[in-house]
Amino acid sequence: MPSTFCKTVWNGIHIQPDGYVRLCSIGSNSVPELDMQRARDSEGNLMNVLTHEVHEMINSDKHKEVRKLNVENPKEWSPHCVCCENREKIVRRNDIDSSRRQSLMFHVRTPGLNEFTLKDNMEPDGTVNWGPGSLDIRFGNLCNQKCIMCGPHFSNLWYEEWAEFYKTDNIGFINDKIKIVRDPVKNKFVDPEEFKWHENPKWWDKFEQMSQTLSHIYITGGEPMVTPSHDEMLDRLISNGSAGRITLEYDTNLSAINSRILERWPQFRKVIVRVSMDGTGEQYELIRFGGKWEKFVENVRRLKEFTEQFPNIKMESISSCVQLSTIYEIEKSENFCKEIGVPFHIRFLEGPEFFSLNHIPKEYKLELIEYYKTVPGTKPLLIIKYLLNNLDYKIKEGAMYRCKEFMDFLDKSRGTDWKTVLPNTYNLVTRIIS
């Protein structure tokens, strides 16, 4: 078994849309005792970019815990890392569908520091004394889509429907009660102050400090192409001389192309872009509500043409989340990517639970396995492996009832018709709950 060493926990900082710090962007274990959604300091306080220093953020309780495990049991997976653990069971190393851990091994460059020197310089409690080499950042929750599998923490367009469906004004993660408040004059929910942290000068002072050691920045959202602070970050990196050694990595819905950002990319060491797409045509427009398929296709072609002019800029892939709403759309998505000449990448959705394939009964997982044995393309084998790996997953009681209830609610709220647009998914869900 290879080492589970991961650069994220050794020299990375992850900042959530609300400014709070987390161990990793894809840590998905929902066991309450693991406290996955937040990093804490030595006194148990939640870490935030406005309240904690850079040195503290890179030495959170969870960073130190996983580092110590890497040293003491280098082949053992931490329960914090179950997402990459599961991914590496079904993909080959260096594959386009490799885990986040494997991907960062190539993107993060910290001179003089590697798996062996990092461990040699760690203090007994897991503390390290260097600056971050990797920054994983979301500049608030500003977005121009409200995807059915998303929510208000990552898209400000979700406020109204979230409050109506879930009957709550709380949009925070575990142990963090961030609330949305309605403006009495405009009768609309307004952005909580927590999502404006990147407008604070304190943040930019800390960013200037981080930029001295960074070699990699991963930006998503919200939607990074519509966020003004993203523009400012690129300007700062160019003006302080850091851009030439930094790799920028993106996940974007590409519903908009920001020309100011494109103009700056050639000045960076490398730019890697992954484009998010779930379904094609009317399926895309229902799942990624607010997005228009024809505009998306136009933007993909435009970005592809742009990247072909610069050897340091690459559209790495078009990516889809495998979940209930897309499970019968993967073949069409891969065919689209082949036609346009961009690699196709898949991820497996963990939440919300009522969209996750983990929470369908075993007999229906076996049915999907048989279905995918007949589907051509490069991804069916990965999906089959994933389903086999999760055949006996502990199912959330009532998840499929909740799925139907949720989709029916969105139809009424948005004027959509999931029964017609996603007939196979509708048939699967109704058979499960019948």
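Further up the page is the structure itself.
This write-up is about the structure you can find in this document. Note that this is a predicted model, so its numbers are computed, not measured.

**Here's the deal with the overall build of the protein chain**
Right, on to step 1. When helices and strands are tallied, the protein chain shows 18 helices and ten strands.
Right, on to step 2. For 434 residues, the compact-globule estimate of 2.2 N^0.38 gives 22 Å, and the C-alpha radius of gyration of the protein chain, at 21 Å, lies within 12% of that figure.
Right, on to step 3. Reported as C-alpha extents along the three principal axes, the dimensions of the protein chain are approximately 55 × 55 × 45 Å.
Right, on to step 4. Relative to its 434 residues, the protein chain shows a buried fraction of 58%.
Right, on to step 5. Sequence-distant contacts, at least 24 apart, represent 71% of the contacts inside the protein chain between residues at least 6 apart.
Right, on to step 6. Accessible surface computed for the protein chain: about 18,600 Å², of which carbon and sulfur atoms make up 51%.
Right, on to step 7. Measuring between centres, the 58 positive side-chain charges of the protein chain sit 2 Å from its 62 negative side-chain charges.

**Regarding the sheet that holds strand β10 (residues 344-348)**
Right, on to step 1. Read across the sheet, eight strands follow the order β2-β1-β3-β6-β7-β8-β9-β10 without closing on themselves; strand pairing throughout is mixed. Where the open sheet ends on each side, the last strands, each with one partner, are β2 (21-22) and β10.
Right, on to step 2. Inspection of the sheet shows strand β1 (residues 12-15) paired to strand β3 (residues 134-138) by four bridges, in the parallel sense. Along β3, the bridge assignment pairs Ile 15 with Ile 137.
Right, on to step 3. Each of β6 (216-220) and β7 (247-252) is contacted by helix α9 (residues 228-239), which is oriented at about 165° to β6, the strand it contacts most.

**Structural notes on the packing of aromatic side chains**
Right, on to step 1. Overall, the coordinates contain 26 aromatic pairs when judged by the stated rule.
Right, on to step 2. Measuring from ring centre to ring centre gives 5.2 Å for Phe 165 and Phe 409, while their planes differ by 45°; the resulting arrangement is tilted. Separated by 244 residues along the polypeptide, Phe 165 in helix α7 (residues 159-166) and Phe 409 in helix α16 (residues 399-414) bring together distant segments of the chain.
Right, on to step 3. The class for Phe 165 is buried, based on a relative accessible area of 9%.
Right, on to step 4. By relative accessible area, Phe 409 is classed as buried at 14%.
Right, on to step 5. For the ring pair Phe 355 and Phe 406, a centre distance of 5.8 Å and an interplane angle of 75° mean the geometry is edge-to-face. Placement of the pair is Phe 355 in the loop between β10 and α14 (362-372) and Phe 406 in helix α16, with a sequence separation of 51 residues. There is no split in this pair, since Phe 355 and Phe 406 are both buried.
Right, on to step 6. Here the aromatic residues Trp 158, Trp 162, Phe 165, Tyr 166, Phe 354, Phe 355, Phe 406 and Phe 409 are joined through ring pairs into a cluster of three or more.

**Brief notes about helix α13 (residues 330-340)**
Right, on to step 1. Restricting attention to buried positions, one finds in α13 the residues Ile 330, Ser 333, Glu 334, Phe 336, Cys 337 and Ile 340. Here the buried residues of α13 occupy an arc of 155° about the axis, which is enough to place them on one side. Exposed and oriented more than 90 degrees from the buried face of α13 are Lys 338 and Glu 339.
Right, on to step 2. Each element contacted by the buried residues of α13 is listed here: α12 (293-307), β9 (313-322), β10, α14 and α15 (380-389).

**As for the environment of Arg 87**
Right, on to step 1. Within the fold, Arg 87 resides in helix α4 (residues 82-90).
Right, on to step 2. The spatial distance from the C-alpha of Arg 87 to the C-alpha of Pro 17 is 25 Å, given a sequence separation of 70 residues.

**Concerning the nonpolar core**
Right, on to step 1. Counting 122 residues, the largest nonpolar core has Leu 135, Trp 203, Ile 217, Leu 248, Trp 265, Phe 296 and Phe 355 as the members making the most contacts within it.
Right, on to step 2. At seven residues, α16 tops the list of elements feeding residues into this core.
Right, on to step 3. With sequence-adjacent residues up to four places away left out, Phe 296 is seen in contact with Asn 253, Leu 254, Val 275, Ser 276, Met 277, Tyr 284 and Phe 336.

**Concerning the side chain of Asn 390**
Right, on to step 1. Examined against the element boundaries, Asn 390 turns out to sit in the loop between α15 and α16.
Right, on to step 2. Here Tyr 386 takes part through its backbone oxygen, which lies 2.9 Å from a polar atom of the side chain of Asn 390.
Right, on to step 3. Excluding anything up to four places from it in sequence, Asn 390 contacts Asn 358 and Lys 365.

**Re unusual backbone geometry**
Right, on to step 1. Along the chain, Gly 221 connects to Gly 222 via a cis peptide bond; the corresponding omega equals 15°.
Right, on to step 2. Mapped onto the elements of the fold, Gly 222 is located in the loop between β6 and α9.
Right, on to step 3. A cis geometry characterises the amide bond from Gly 351 onward to Pro 352, with omega recorded as 5°.
Right, on to step 4. For Pro 352, the location among the structural elements is in the loop between β10 and α14.
Right, on to step 5. Phi at Asn 187 is positive, roughly 55°, even though this residue is not glycine.
Right, on to step 6. Tracing the chain through its elements places Asn 187 in the loop between β4 (181-183) and β5 (188-190).

**Section: the pairing of β3**
Right, on to step 1. Summarising burial for β3: five of the five residues are buried, a large majority.
Right, on to step 2. Sheet analysis places β3 next to β6, joined by five bridges and oriented parallel. For Leu 135, the partnering residue across the bridge sits in β6 and is Ile 217.

**Describing helix α8 (residues 201-211)**
One turn of an α-helix holds 3.6 residues; hence residues three or four places apart share an orientation.
Right, on to step 1. Among all positions in α8, only Trp 203, Trp 204, Lys 206, Phe 207, Met 210 and Ser 211 are buried. The buried side chains of α8 occupy one side of the element, clustering within an arc of 160° when seen end-on. Facing away from the buried side of α8 by over 90 degrees, the exposed positions are Pro 201 and Asp 205.
Right, on to step 2. Residues of α8 that are buried in the fold lie against β1, α2 (54-57), β3, β6 and α9.
Right, on to step 3. With a side-chain oxygen positioned 2.8 Å from the backbone nitrogen of Lys 202, the residue opening α8 is Asn 200.

Conventions we followed
Residues numbered from 1 in each chain as written. Predicted model: local features only at pLDDT ≥ 70, side-chain atom pairs only at ≥ 80, totals over all residues. Heavy atoms only, no water. Helix = DSSP H or I, 4+ residues; strand = E, 2+ residues; numbered from the N terminus. Rg over C-alpha atoms; globule rule 2.2 N^0.38 Å. Buried < 20%, exposed > 50% of the residue type's maximum accessible area, 1.4 Å probe, protein only. Contact = heavy atoms within 4.5 Å. Areas by Shrake-Rupley, 256 points an atom, 1.4 Å probe, with all protein chains shown as cover. Lys, Arg positive; Asp, Glu negative; His and termini not counted. Charge placed at Lys NZ, Arg CZ, Asp CG, Glu CD. Pairing = 2+ DSSP bridges. Axes fitted to C-alpha atoms, helices over the stretch in contact; angles between N-to-C directions. Phe/Tyr/Trp six-rings, centres within 6.5 Å; stacked < 30°, edge-to-face > 60°. Arc of directions from axis to C-beta. Core = buried A, V, L, I, M, F, W, Y, C linked by side-chain atoms within 4.5 Å. Polar contact = N/O pair within 3.5 Å; in protein donor to acceptor, adjacent residues only side chain to side chain.

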